[in-house]
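Here is how the chains run, residue by residue.
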Amino acid sequence: MSIEPTLFVRVSSIETITKQVKKFTLAPETGKKLPRFSGGAHVSTYLKTPSGLIVRQYSLVSHPDNRTNYEIAVRLSEKSKGGSLHWHQGMKVGDRLQISYPKNHFSLSFKARHHVFYAAGIGITPFLSMMQDLSVQNQTFELHYASKSEESCAFYPSIKKHYPNQSHFYFSDQQQRLQTTSLENHPIGTHVYFCGPEGFIEQFRTAAIEWGYPHSSVHFERFSPPKPKVLKAFQVMIHNGVTINVSKTETILEALHKHGIIAPYSCQIGRCGTCELSVLKGEVDHYDSFLIDEQKEANNCLIPCVSRAKSDKLVIEIKYYRR
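Bear in mind the structure is a predicted one, so any value in this text is a computation, not a measurement.

Caption draft 1: Representation of the overall build of the chain in the model. For the chain, the helix and strand inventory stands at six helices and 18 strands. Relative to the 2.2 N^0.38 estimate, which gives 20 Å for 323 residues, the radius of gyration of the chain is 20 Å and therefore close to what a compact globule would have. With respect to the principal axes defined by its C-alpha atoms, the chain has extents near 60 × 50 × 35 Å. For the chain, with 323 residues in total, the buried portion stands at 50%. Restricting to contacts in the chain with at least 6 residues of sequence separation, those with at least 24 account for 66%. Summing over all exposed atoms, the chain offers an accessible surface of approximately 16400 Å²; the carbon and sulfur share of this is 50%.

Caption draft 2: Examining helix H4 (residues 198-210) more closely. The first and last C-alpha atoms of H4 sit 18 Å apart over 13 residues, in line with the 18 Å expected at 1.5 Å per residue. Among all positions of H4, only Phe 200, Ile 201, Phe 204, Ala 207 and Ala 208 are buried. Looking straight down H4, one finds its buried side chains confined to an arc of 145°; they lie on one side. Contact partners of the buried residues in H4: strand E7 (114-120), strand E10 (190-195) and strand E11 (218-221). Of the residues trailing H4, Gly 212 is marked for its positive phi of about 105°.

Caption draft 3: Inspection of unusual backbone geometry at higher detail. Within the chain, Phe 155 stands out as a residue other than glycine whose phi angle is a positive 65°. In this fold, Phe 155 is placed in the loop between strand E8 (141-147) and helix H3 (156-162). Positive phi, close to 60°, is recorded for Asn 299, a residue that is not glycine. Structurally, Asn 299 can be placed in the loop between helix H6 (293-298) and strand E16 (301-302).

Caption draft 4: Summary view of the side chain of Ser 44. Among the structural elements, Ser 44 can be located in strand E3 (residues 42-49). You can call Ser 44 buried: its relative accessible area is 0%. At 3.3 Å, the side chain of Ser 44 forms a polar contact with the side chain of Gln 57. At 3.0 Å, the side chain of Ser 44 forms a polar contact with the side chain of Lys 103. Excluding residues within four positions of it along the chain, Ser 44 makes contact with Glu 4, Val 55, Arg 56, Gln 57, Gln 98, Ile 99, Ser 100, Lys 103 and Ser 266.

Caption draft 5: Quick look at the sheet that holds strand E4 (residues 52-59). With antiparallel pairing, the six strands of this open sheet are ordered in space as E4-E3-E6-E1-E2-E5. What marks the edges here is a single partner per strand, and that holds for E4 and strand E5 (70-75). Ignoring strand direction, the axes of neighbouring strands in this sheet form an average angle of 40°. Of the pairings in the sheet, the one linking E3 to E4 comprises eight bridges and is antiparallel in character. The partner of His 42 across the bridge, within E4, is Ser 59. This element, helix H1 (residues 83-90), spans strand E2 (21-28), E3, E4, E5 and strand E6 (96-100) of the sheet and lies at about 110° to E5.

Caption draft 6: Focus on the sheet that holds E8. The strand order across the open sheet formed by five strands is E9-E8-E7-E10-E11, and the pairing between neighbours is parallel. At either margin of the open sheet sits one strand with a lone partner, and together these are strand E9 (167-171) and E11. In this sheet, adjacent strand axes meet at a mean angle of 15° when their direction is disregarded. Pairing between E8 and E9: five bridges, direction parallel. Looking across to E9, one finds that Tyr 145 is bridged to Phe 169. Taken strand by strand, helix H2 (residues 125-137) contacts E7, E8 and E10, and its axis lies near 160° from that of E7. Together, E7, E10 and E11 form the strand contacts of H4, whose direction differs from that of E10 by roughly 160°.

Rules and cut-offs
- Residues numbered from 1 in each chain as written.
- Predicted model: local features only at pLDDT ≥ 70, side-chain atom pairs only at ≥ 80, totals over all residues.
- Heavy atoms only, no water.
- Helix = DSSP H or I, 4+ residues; strand = E, 2+ residues; numbered from the N terminus.
- Rg over C-alpha atoms; globule rule 2.2 N^0.38 Å.
- Buried < 20%, exposed > 50% of the residue type's maximum accessible area, 1.4 Å probe, protein only.
- Contact = heavy atoms within 4.5 Å.
- Areas by Shrake-Rupley, 256 points an atom, 1.4 Å probe, with all protein chains shown as cover.
- Expected span 1.5 Å × (residues − 1).
- Arc of directions from axis to C-beta.
- Polar contact = N/O pair within 3.5 Å; in protein donor to acceptor, adjacent residues only side chain to side chain.
- Pairing = 2+ DSSP bridges.
- Axes fitted to C-alpha atoms, helices over the stretch in contact; angles between N-to-C directions.

Have a look at this one:
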């Protein structure tokens, strides 16, 4: 069950974008206008499948001013645990589902004098609405988009048509590589945004900091949390005395919910901070991108959707729980 407000929508159309990417148009069931969103926003989708409820987050790729429907793009993952597989093979026009209200943890900076987007693969999706937002506002931007080939490059024809002067494409099958050295060429006041596989994000994020970009000018969006270096089971004790075992394959948040202890959450990739909890005892193994270094070093809070324990036991404080 969702613990956040949701909207009921129906799939009004399905469009094949590439061999691995499909675009789904979601129309409001009531016929009323949908909430407006800002560039970079996403929604959580709640899929009722034979194996249970699957919650996944997808960027909104439609125009932020379009309130008649939402559009999302889903890439079929080779390692799908049911989410993208259900969208590609099980979803049909007319199907009904619940989605969250739009949320934005990857918004455009109002302080930027110039915006530069770096995308790899399906990482293009949040930038589609961002570019539409900036075009309406007459703000400057550019896109650097890496893909295996022109055929596998999602939304290539549309991007080339609408943003011919701002877009730069790099196709590996043509020996074209997107290099971090391109970060040198942007004017002072530029904000850079990265989205794609974890390795791509980390490479460009690290390079931007090394080139001297302020941390506040570097933005990134992950589609999945970083993988823990060490996976081990441990215990979590709540301040009221309840002790829960967390296995190697589940997160603290999942273990809490499995035992009927409800904690608020949103992104589930360690980005938004909605599920932040206080730590009273024990050592945390942090994997989030929300807490700043000083908070992580203080070891008095954690993001339970991604972070784990270095010690054998953590004692946490939680305000919302149900047995």
